[in-house]
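# Secondary and tertiary structure notes
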Amino acid sequence: MDIFMASEDSEAKPIFVEDGITYVSVNHSNLILLAVTPKNADAAMMLLFLYKLIQVLVSYFNRLEEESIKDNFIIIYELLDEMMDFGYPQATDAKILKEFITQDSYKLQKEVRPAPSLSTAVPWRNGSAKYASNEVFLDVSANGAVLRSDLTGQIRIKPELSGMPNLSLGLNDRLQLESSLTASGGKGTVVMEDIAFNQCVSLTEFERDRIISFIPPDEEFSLMTYRLSTLHIKPLIWVEAIVNVHQHSRVEYLIKARAQFKTRSTAKNVNIFVPVPPDADSPKFRTNSSSGSVKYVPEKDAICWHIPSFQGGKEFLLRAHVALPSTGGGEEDAPRFAHPPITVHFEIPGLPVSGLQVRYLKVFERSGYQALPWVRYVTMSGDYQFRLA
């Protein structure tokens with residue numbers, strides 16, 4: 001494993017073979033982390049290990065850069081010694097590594113012993129956690145993107161559970177997974193693709209019974225990520241824009257935003273960024289009193305329309321105009337402006353737009369305590385754009 005400084009004109013491919021040696025590299029903060037092997041190794045596993053190494057080093061040093069490597073060389077050496085053994089990845093969880101490789105371990109004041117959890121079947125949890133009130137919080141979120149017309153989402157777990165609990169998660173009956181290649185995806189069916197589980201999930205039990213069973217780490221984590229195989233997705237917030245450019249004078253905007261979801265749901269903290277020319281001046285805005293506030297954001301060359309609460313079925317209008325510097329000359333000399341897309345950011349609590357629903361979340365622990373499961377649905381905007389003509 002080597003770490004180099006990256007040069008500005010470096011055009012090295014992330015994976016290439018030279019004289020029978022495979023080189024796999026990752027760029028991070030002007031550094032190149034490089035793994036090499038003379039064998040026919042799994043390149044995807046090597047890439048994943050490099051990214052895990054970055055996560056561990058950032059967890060230790062807050063920022064991974066040239067100075068942090070120079071100042072903490074001994075700790076990095078010890079981490080690499082524990083994270084990989086004879087070319088095989090071993091412990092890659094920063095929380096477990098911190099149990100026996102501390103910031104001052106290079107002083108060698110005492111013998112360093114591996115964490116007991118590394119020798120068990122559950123290396124991501126040591127079983128010593130104690131909570132006065134045993135609760136587990138589950139977030140089901142989805143991100144929609146207009147340009148790609150797809151939905152990506154994840155299930156996040158925040159476990160505040162004592163001991164070594166075993167959790168069982170059941171999803172809606174109409175859930176259909178990509179493993180069923182002949183699935184037709186009938187009406188009401190949620191077809192999921194590109195599913196990735198956290199390492200704590202028992203894949204054997206999932207393949208056999210379609211039950212997501214796991215012993216969670218003692219921290220908030222992503223249990224599952226997925227993508228929905230939906231061909232046509234109705235944008236939750238639809239934005240229309242009319243842009244009139246008066247050369248050598250001003251640009252006028254008429255922006256209409258419409259919430260295309262049911263009235264019982266409300267989008268929170270809606271921010272609509274409308275791009276303006278980089279040399280815009282003297283912006284002026286006009287909206288209804290109930291449709292939020294507007295401000296000019298020069299560092300983004302955009303107008304930000306902030307709507308704190310956007311109820312389903314509602315529609316708001318924004319009129320704006322910005323002045324342009326006079327350039328002189330005729331109409332043919334007037335500058336032409338490229339229009340970046342309008343971007344929208346929002347979240348809608350309580351709206352499972354993906355159709356994914358939790359039927360049950362059961363907690364089993366040998367001491368028999370009663371746990372309180374909390375489930376929250378939230379839809380977030382993700383990469384949500386509208387192109388201007």
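Analysis parameters
Residues numbered from 1 in each chain as written. Predicted model: local features only at pLDDT ≥ 70, side-chain atom pairs only at ≥ 80, totals over all residues. Heavy atoms only, no water. UniProt positions renumbered as here; feature names shortened; annotations may be inferred. Helix = DSSP H or I, 4+ residues; strand = E, 2+ residues; numbered from the N terminus. Contact = heavy atoms within 4.5 Å. 1 Å grid on protein atoms, 1.4 Å probe; cavity = no way out; pocket = protein on both sides within 12 Å on 5 of 7 lines; lining within 4 Å. Points joined across faces, edges and corners; volume = space filled by probe spheres on them. Nonpolar A, V, L, I, M, F, W, Y, C, P; charged D, E, K, R; others polar. Domains from an automatic or database assignment. Pairing = 2+ DSSP bridges. Axes fitted to C-alpha atoms, helices over the stretch in contact; angles between N-to-C directions. Salt bridge = Lys/Arg side-chain N within 4 Å of Asp/Glu carboxyl O. Buried < 20%, exposed > 50% of the residue type's maximum accessible area, 1.4 Å probe, protein only.

In the nomenclature of an unreviewed UniProt entry, the protein is known as Adaptorrelated protein complex 1, mu 1 subunit isoform 10, putative of Acanthamoeba castellanii. Of the protein, the UniProt comment under Subcellular location (unreviewed entry) reads exactly: "Endomembrane system". We quote the UniProt Sequence similarities (unreviewed entry) comment for the protein here in full: "Belongs to the adaptor complexes medium subunit family."

### Considerations on the environment of L318
Turning to its location among the elements, L318 is positioned in strand β20 (residues 315–323). With sequence-adjacent residues up to four places away left out, L318 is seen in contact with Y253, L254, I255, F285, R286, T287, V294 and W305.

### Examining the layout of surface pockets
Of the volumes computed, that of the largest pocket is approximately 700 Å³. Among the elements of the structure, α1 (43–61) and α4 (94–97) are those that each provide at least two residues to the lining of the largest pocket. A total of seven residues in the lining of the largest pocket trace back to one element, the largest contributor, which is α1. Partitioned by chemical class, the residues of the lining of the largest pocket number 14 nonpolar, six polar and five charged. Here the lining of the largest pocket spans two domains, and each of domain 1 (16–105) and domain 2 (135–232 + 353–382) adds at least three residues to it.

### Looking at the sheet that holds β20
One open sheet holds the four strands; their spatial order is β14-β15-β20-β17, and the pairing between them is antiparallel. Each edge of the open sheet is held by one strand with a lone partner, namely β14 (237–246) and β17 (281–287). In this sheet, adjacent strand axes meet at a mean angle of 15 degrees when their direction is disregarded. In terms of strand pairing, β17 meets β20 through five bridges, oriented antiparallel. In the strand pairing of β20, R286 is matched with R319.

### A word on the sheet that holds strand β9 (residues 166–171)
Read across the open sheet, the three strands follow the order β12-β9-β22; overall the sheet is antiparallel. Because the sheet does not close on itself, it has two edges, and the strands there are β12 (212–214) and β22 (358–364). Recorded for the sheet is a direction-independent mean angle of 10 degrees between the axes of neighbouring strands. Where β9 lies against β12, three bridges are found, and the strand directions are antiparallel.

### Some words on the pattern of salt bridges
According to the stated counting rule, one finds nine salt bridges in the structure shown. R258 is paired through a salt bridge with E315; the nearest N and O atoms lie 3.8 Å apart. Taken as a pair, R258 in strand β15 (residues 250–259) and E315 in strand β20 lie far apart in primary sequence, 57 residues in all. A relative accessible area of 22% places R258 in the partly exposed class. Taken together, the salt bridges that share partners define one network made up of E240, K256, R258 and E315.

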